Every structure is written in C-alpha cells, then in structure tokens.
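The residues making up each chain are set out below.
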Protein chains: 2
Amino acid sequence: MGIRIGILGYGNLGRGVEAAIAQNPDMELVGVFTRRDPASVKITTKGVSVYHTDDAEKMTDKIDVMVICGGSATDLPHLTPKYAELFNVVDSFDTHANIPTHFASVDAAAKKGGKIGLISCGWDPGMFSLNRVYANAVLPQGKDYTFWGRGVSQGHSDAIRRIAGVVDARQYTCPVEGAVASVRAGENPELTTRQKHTRECFVVAEEGADRDRIAQEIKRMPNYFADYDTTVHFISQEELDRDHKGLPHGGFVIRSGKTGFDGEHQHIIEYSLKLDSNPEFTGSVLAACARAAYRMNQEGQSGGKTMLDIAPAYLCAQSGEELRAHML
Amino acid sequence: MGIRIGILGYGNLGRGVEAAIAQNPDMELVGVFTRRDPASVKITTKGVSVYHTDDAEKMTDKIDVMVICGGSATDLPHLTPKYAELFNVVDSFDTHANIPTHFASVDAAAKKGGKIGLISCGWDPGMFSLNRVYANAVLPQGKDYTFWGRGVSQGHSDAIRRIAGVVDARQYTCPVEGAVASVRAGENPELTTRQKHTRECFVVAEEGADRDRIAQEIKRMPNYFADYDTTVHFISQEELDRDHKGLPHGGFVIRSGKTGFDGEHQHIIEYSLKLDSNPEFTGSVLAACARAAYRMNQEGQSGGKTMLDIAPAYLCAQSGEELRAHML
C-alpha cells in the first residue's frame, strides 16, 4: 500500500495534484473532498470517491496526508490550520507577506495534533525559494534577482475581467529580456519594477464597449498595472479560447555573487522553469511534498514546516542508497 | 564566537574554503593543517596558525568542523573516515562510482564518534545532485541531462602533461551548443558522449617536439579524449600563463518532463552555474556545508550524510524566521 493521499478542493490545482499522484506508484489517492455537492464533481481517477469536506474528519485513519488546494486569500488561512490538527497537511499558500502569520497558526495546530503542517509548496514560493536559499548560503556576497514569465497571471486576468465592458481576459507577465541579459552577464543592475517585467493583456470586450476607456482603466490600475509597461490587445472570444487557453508560466532565479579575499571572482547561479501548465507543475511539487511530510511524520517529527526544512531525499521516491548511487 | 573551522589540506580548494570562511561572519578559522612543514605554508587569514596534520587529533575540543581538502583518488578515502571519528567533517569526494563505498566507511566512523560525516559536497556532486533529485521528485516522468563547461578539467590537463614533449597544458570541456538547445527545446534527444561535449586543449610543447605526434596522442587517449571531438592548439608558455591561468567552470542540469493524465504538458527545469573560479565556488559550498554539519550535530544527529540529507535552511546563516519572512 502506498502513501494514502486526500485532496481537499478540486479546482485546477486539485486536478494537478490528482494527475501527479497517478505518476507516483508509491502514492494512492483515497478521496477528493469538496464543499460542493459531491455528486456534482467528476474526477479522473477510476474507483476513487468524492466526499463532502464534512466527511474528512471521520477519515483520519484512512488518509496519511491531506493536500489542501484552496486560495491563499480566504481558504488556506483557516483550512490549513484546521486540518493540520487531524492530518499531515500540505498547502501552496503563496501570499509572501503573510507567510509568517500562516506558519505560526499551522505550526501550533500541527504540534497539537502531532502532525506535519507543510506550507507554501509550489514554485514561488517553493522551488524558487529553495534556489534563493541555496544560492545565498553558497554566495553570501551577492545579489538576487527573480523574474517571472512569460506566463499567465490569474490574479491579473481576474482584475481585468472586473472592469465594466470586459467579457473575458488573459494577462501575461513577461520578463524584460535586456534586464535578464544584464543580470546573466553579472552586471548587477539596479532594476525598478518597470525595468524587470512588462504586462501583456488579451481582452474580449462587449460589443460596442469603449475600448479606449477599457485600455486606460487597465493601464492605470494601481498595484496591478500602473507600475508596468502594459500592452492591451482586443481579440474575439474565439481567439482567446483558441490561443490563450493554457496556463503556462515559469521564470528565473539568478544570484550573482563574488568570492575571493578581494571579491576577485564572479559566479552566476541560475535556476529556471518553463512550464506548460502552472497548476500541474505546482500539483506535482505538492505531491512530492506530501511524500516528504509523510516520511518526516513517520520519523516522529511534527509542527509547521516549509520546503526549506525538508532534506531533498525525503521528496524522492528512491531510497537514500539509490540516490547516492545514481543521482549524487 | 562563531563556528570553529579547521581546514585540512591547503591547495586550491583549501584556499577556496579559507576565502569563504572570511565571507561568513558566523564562522571562524581555527587553523590550517598540512602534511608539509607548517613553517613552509603561508596562509592569508591574519592571526591563524598552520599546524602539522599530526597535531589535529589533539585539537578536538577547539574545532567544531574539519573541512578535508584532499584528492578523491588517494587522500579522501582514508582521511575522511579517519577524522570523522574525531570531528564533524565535510569533504568534496567526487568519484561518483565510489560514493557508496566512501559513504559506508565515513558513516561507520562518524557514528562511532557521534559526529556528522558529510561527503561529496561541491557542485557535481553537490549543487548539481540536489537539482537532479529535486527535478526527479517533481517530474517523475522525464529525462535528465547534465552538461559541463565551458571549463577547465584539471584531470584532463594533467593527462596531457604526462605526454612526452609536453611542457604544460590546459584542457577545456565544452558543451555542444546544438545539443543544449535541443534539450532546452524539450526535444528529449538521445545523445552520445561525442554529441554532448567537445574538448579543447591548449598545449605548450618542448622546442623541436613533434607536434603532430603529440596531437595524435592526445586525440587517441582512451577514456579522456578518444570519445570526443578534440581540438589541440599549440601555444607558448607566455600565452598559456596570460590567457589560461584561471580555473573557470560550470555547466547545466536540465530535466525535461511531462505531467497530466496523458502526459500532455511539458516542463523544463534548468539549473546552471557560470563560475570564474571552480575551487573558490567549491570552497564556498564546503563552508555552507560545514555550518549545516555543525547544526545537525548540535541537534544530536550523527553518521554519514550527503547534501541530499540536509534541509536547505541548515546551510544558511539566517534563522528559520528570517528565511520564511524574506527568502521564501
């Protein structure tokens, strides 16, 4: 029997976790939990049931790790601590500024339950964070850069859709090529928000809507667009559905640092991701993290954790011997 | 008082570790240990003594971690286990095929001494291994590629210097650009040794030596050159000293994998290093690993470890709180 996983929440991310579990023979999906009517939710994995979230707490003996797939704004702050008392849990909480608060409440709940509460797993926070920490550990004298894209930002797409006269929208965050090239060349540039990323918007407007006004409303929107060079393209719903249906994303974490008694040698560490599907990749990270949470709890550990607290070997299905022989 | 470090062996790597310790305010160099006459060894750090290796075992109460800087062929297989009984130790053992054997002997010694014996730290094995393991954990269905260079291979340079008529030599390992591009494009090519790397040699020949014979001897050398497209340039000692004195290196670890129930989405994870000084970068990794070894031992852990067994937070000077607030 493999590690028994539950998925709580079945949107894009929950489906990504489900697909990832199917790729990992040491894991087994026990059930999907939803706040909707379970009969209305169809999942892909054969022979696995959909339950109402109210049923989860009766299944603590059937599930080793619950993967909480919810939004960081309103779902995870209460869901992850709630379930961390009952199960080992993994979430993808990604509001960077609120991580310390979220960590504290998950840590308290997980310690109370003797479980592992592993938060902020994914790629940023997640894989990108790991690379920032490794690069800072190895090159303490240096400068960090994180670029995102080219990829779809769902938050920005949603913000455009809230504008009057907009039917649908897709927003791409794009790194500025010249800025990336300068960083890679070790020039250590000081970059403003505008110099690092541009924003490209594909908008379906209502018939007869004032496109100029919509474009101006987008470009002037504080926090989301005002600090960026933003391009707005008006297209048809058919074009949007045909050309912009995917959820690609990615980006780069680069650290440029110096070593030597006089800082005479320069080094560039770069980590990059090119992802066809943001939710499936994030779901795959969550699945690997579920394995680690299970193993750490089996060893008697409990409490709040992030990927920074996980020895890499815990994430991989192979044994320590296999990893040393073949991957080291 | 910081973490008290000893350096055993003072070649390029030992000097790299020394320079790294100077960049880390939470570490303190206690002494350099040499098999040569200590009076003949000049180090850079002010106020720190050079000792004979025979004195090391009398200093177990003065040193928290001993960084063993020796060769993987003959030094480390006996030095690391010997000192792992007395100190927390870190080495850069890099003969991939012999890692399981080396691990077993260091593990036994470290357990006996109640110390941490952390082996094979650096960038390959080391940072590259971490990235292979993370990428495999996240994308279990995929293909790994490791490219090295452009960088100086000291083993290959030494092999050329052993040829009759050769005064000095520098060998660069170069990734084949087309192969890297194909991997990055997600084409998952099957690549032979020859298709992945080329070898470029800069050779200083004795006056009157038969350059054609030397070039042929290089190109036909089994294991080292015969399986590669190899270029040989004859240059003067002055040119070699002027243009090829550094020890740059680097490379790429790329994993190309698929997610989704039908493998419908492709993802590329790439980690790359561009290093001006291979020994200083490796020394910087060893210093961060010394911090981790110390912390793990302080928590009561002992035995053989590799970087795959270290939670990333242990490597970084900052506290867990600081990392979660600023780097996650």
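Everything discussed here concerns the structure shown above.
Starting afresh in each chain, residues are numbered from 1 along the sequence in its written order. Chain labels run from A onward and ligand labels from 1 onward, assigned in the order the entries are written. In keeping with the predicted nature of the model, local features appear solely for residues at pLDDT of at least 70, side-chain atom pairs appear and are counted solely at 80 or more, and the whole-chain, interface and lining totals rest on all residues. Hydrogens and water molecules were not included; the side-chain quantities draw on all heavy atoms of the structure.

Novice: Outline the overall build of chain A, listing residues and values.
Specialist: Secondary structure elements follow DSSP: runs of H or I no shorter than four residues count as helices, runs of E no shorter than two count as strands, and numbering proceeds from the N terminus. The helix and strand tally for chain A stands at eleven helices and 14 strands. The C-alpha radius of gyration computed for chain A amounts to 22 Å, which stays within 12% of the reference 20 Å derived for 328 residues, consistent with globular compactness. Think of it in three bands: with a 1.4 Å probe and only protein chains considered, a residue is buried below 20% of the maximum accessible area for its type, exposed above 50%, and partly exposed in between. A total of 328 residues make up chain A; the buried ones form 58% of that total. By definition in these notes, contact holds between two residues if any of their heavy atoms fall within 4.5 Å. Sequence separation of at least 24 residues holds for 68% of the intrachain contacts in chain A that already meet a minimum separation of 6. In short, Shrake-Rupley with a 1.4 Å probe defines the accessible areas, and a residue's cover is counted only from the protein chains shown. When the accessible surface of chain A is totalled, it reaches about 13300 Å², and 46% of it is carbon and sulfur. Only four residue types enter the charge count, namely Lys and Arg as positive and Asp and Glu as negative; His and the chain termini do not. Each charge is placed at NZ for Lys, CZ for Arg, CG for Asp and CD for Glu. Here chain A contributes 35 positive and 42 negative side-chain charges, whose respective centroids are spaced 2 Å apart. Radius of gyration here uses only the C-alpha atoms, and the compact-globule reference equals 2.2 Å multiplied by the residue count raised to the power 0.38.

Novice: So, the sheet that holds strand S1 (residues 3-8) of chain B: which residues are in play, and what are the values?
Specialist: Residues and elements named next belong to chain B. When DSSP finds two or more bridges between a pair of strands, those strands are recorded as paired. Spatially, S3-S2-S1-S4-S5-S6-S14 is the arrangement adopted by the seven strands of the open sheet, whose pairing is parallel. A strand with exactly one partner marks an edge of an open sheet, and here the two such strands are strand S3 (49-52) and strand S14 (303-305). Averaged over all pairs of adjacent strands, the angle between strand axes in this sheet comes to 25°, irrespective of strand direction. In the sheet, strand S5 (residues 88-91) pairs with strand S6 (residues 116-118) via two bridges, with the strands oriented parallel. Counterpart to Val89 in the pairing with S6 is Gly117. Axis geometry follows a simple rule: fit a line to the C-alpha atoms, using only the stretch in contact for helices, then measure angles between N-to-C directions, giving values from 0 to 180 degrees. Contacting S1, strand S2 (27-34) and strand S4 (65-68), helix H1 (residues 12-23) crosses the sheet at an angle of about 165° to S1.

Novice: Hey, could you go over the packing of aromatic side chains for me, with residue numbers and the actual values?
Specialist: Residue and element names in this part refer to chain B. Stacked, tilted and edge-to-face are the three classes applied to pairs of Phe, Tyr and Trp rings, where Trp contributes its six-membered ring and a pair requires centres within 6.5 Å; stacked means planes under 30 degrees apart, edge-to-face means over 60, and tilted covers the rest. Inspection of the entire model under this criterion finds eleven aromatic pairs over all chains. Here the aromatic rings of Phe33 and Tyr51 are separated by 5.2 Å at their centres, their planes lie at 20°, and the arrangement is stacked. Taken together, the residues Phe33 in strand S2 and Tyr51 in strand S3 connect sequence positions 18 residues apart. Taking the relative accessible area as the measure of exposure, Tyr51 reaches 25% and is therefore partly exposed. Taken together, a centroid distance of 6.1 Å and an interplanar angle of 85° make the contact between Phe128 and Tyr271 edge-to-face. Residue Phe128 is found in helix H4 (residues 127-138), and its partner Tyr271 is found in strand S13 (residues 265-275); the two are separated by 143 residues along the sequence. For the residue pair Phe128 and Tyr271, the accessibility class agrees, reading buried in each case.

Novice: Let's hear about the sheet that holds strand S10 (residues 197-205) of chain A: which residues, and what values?
Specialist: The strands making up a sheet associate through hydrogen bonds between their backbones, and the pairing can be parallel or antiparallel. Residues and elements named next belong to chain A. Reading across from one edge, S8-S9-S10-S11 is the order of the four strands in this open sheet, with mixed pairing throughout. In this open sheet, the two edge strands, each paired with only one partner strand, are strand S8 (151-152) and strand S11 (229-234). Alignment of strand S9 (residues 166-175) against S10, held across nine bridges, turns out to be antiparallel. Note that in S10 the partner of Arg170 across the bridge is Phe202. This element, helix H5 (residues 154-161), spans S8, S9 and S10 of the sheet and lies at about 145° to S9. Seen against the sheet, helix H8 (residues 211-220) touches S9, S10 and S11 and runs at an angle of roughly 150° to S11.

Novice: Break down the state of the cysteines for me, with residues and values.
Specialist: Sulfur atoms of two cysteines make up a disulfide when they are within 2.5 Å. Inspection of the entire model under this criterion finds zero disulfides over all chains. Looking at Cys121(A), it has no disulfide partner, and the nearest cysteine sulfur is the one in Cys289(A), 3.6 Å off. Classification of Cys121(A) by relative accessible area gives buried; the value is 1%. Cys174(B) takes part in no disulfide bond, and the closest cysteine sulfur, belonging to Cys201(B), lies 9.3 Å away.

Novice: Before we move on, can you summarise the relation of the copies chain B and chain A with the specific residues and values?
Specialist: For the pair chain B and chain A, the relating rotation is 180°, the translation along its axis is 0.0 Å, and the fit reaches an RMSD of 0.0 Å. The superposition operator between the copies reduces to a two-fold rotation axis. Mapped onto chain A, 100% of the interface residues of chain B are again interface residues, and the two copies thus contact each other with one and the same surface. Superposing the copies works by least squares over the C-alpha atoms of residues that have pLDDT at least 70 in both of them.

Novice: For the environment of Val204(A), give the residues involved together with the corresponding values.
Specialist: Residues and elements named next belong to chain A. Residue position: Val204 is located in strand S10. Residues Val204 and Val167, spaced 37 residues apart in sequence, show a C-alpha to C-alpha distance of 5.4 Å. Those residues in contact with Val204 that lie beyond four places of it in its chain are Gly165, Val166, Val167, Asp168, Ile235, Ser236, Gln237 and Leu240.

Novice: Can you break down the pattern of salt bridges residue by residue, with the values?
Specialist: All names here are of chain A. Here, a salt bridge means any side-chain nitrogen of Lys or Arg that lies within 4 Å of a carboxyl oxygen of Asp or Glu. Counted by the stated rule, this structure contains 34 salt bridges over all chains. With its nearest N and O atoms 2.9 Å apart, the salt bridge here joins Asp55 to Lys58. We classify Asp55 as partly exposed; its relative accessible area is 25%. Under the relative-accessibility criterion, Lys58 is labelled exposed at 60%. Here Glu85 makes a salt bridge to Lys112, at a shortest N to O gap of 3.8 Å. Linking Glu85 in the loop between helix H2 (76-84) and strand S5 (88-91) with Lys112 in helix H3 (residues 99-113), this pair joins segments that are 27 residues apart in sequence. The partly exposed category is assigned to Glu85, whose relative accessible area is 35%.

Novice: Account for the nonpolar core, with residues named and values stated.
Specialist: A general feature of soluble globular proteins is that nonpolar side chains tend to end up buried together. By convention a nonpolar core is built from buried Ala, Val, Leu, Ile, Met, Phe, Trp, Tyr and Cys residues, the set being connected through side-chain atoms within 4.5 Å. Core analysis: the largest hydrophobic core is formed by 158 residues, its most contacted members being Met127(A), Phe281(A), Met127(B) and Phe281(B). Non-local contacts of Met127(B), meaning those with residues more than four positions away in its chain, are made with Tyr134(A), Val138(A), Gly122(B), Tyr271(B), Phe281(B), Val285(B) and Met307(B).

Novice: An account of the interface of chain B and chain A is needed here, citing residue identities and associated values.
Specialist: Listed per partner, the contact involves 67 residues of chain B and 67 residues of chain A. Note on chain B versus chain A: buried area summed over both sides is about 6000 Å², and carbon and sulfur give 65% of it. What counts as buried area is the accessible surface, traced by a 1.4 Å probe, that two parts surrender upon association, with contributions from both included. Looking at the side of chain B facing chain A, the largest losses of area belong to Gln23(B), Phe261(B) and Leu328(B), adding up to 14% of the total buried there. At the junction of chain B and chain A, the tally comes to zero salt bridges.

Novice: Describe the environment of Ala159(A), with residues and values.
Specialist: Tracing the backbone shows Ala159(A) in helix H5. The residues contacting Ala159(A), other than those within four sequence positions of it, are Met221(A) and Tyr224(A).

Novice: Go over empty space enclosed by the protein, please, and point to the residues and values.
Specialist: Using only the protein atoms, space was sampled on a 1 Å grid; points where a 1.4 Å probe fits but cannot get out form cavities, open sets with protein on both sides within 12 Å along at least five of seven lines form pockets, and lining residues are those with an atom within 4 Å of a point. Grid points are joined across faces, edges and corners, and a volume is the space filled by probe spheres set on the points. All told, the structure shown has one cavity of 30 Å³ or more when counted by the stated rule. Estimates place the volume of the largest cavity at around 30 Å³. Looking at the largest cavity, the residues that line it are Leu130(A), Asn131(A), Tyr134(A), Met127(B), Leu130(B), Asn131(B) and Tyr134(B). If one sorts the elements of the lining of the largest cavity by residue count, H4(B) sits on top with four residues. Think of it as three bins: nonpolar holds Ala, Val, Leu, Ile, Met, Phe, Trp, Tyr, Cys and Pro, charged holds Asp, Glu, Lys and Arg, and polar takes everything else, Gly as well. Its residues assigned to classes, the lining of the largest cavity shows five nonpolar, two polar and no charged.

Novice: I'd love a proper account of the pairing of S2(B), names of residues and values included.
Specialist: Residues and elements named next belong to chain B. The element S2 is largely enclosed, with a buried count of seven among its eight residues. In this sheet, S2 lies alongside S1 in parallel orientation, the contact comprising six bridges. Across the sheet, residue Ile3 finds its bridge partner in S2, namely Met27. Once you follow S1 into H1 and on to S2, the crossover reads as right-handed. Seen with its strands pointing away from the viewer, a crossover is right-handed if its path from the first strand over the helix to the second goes clockwise.

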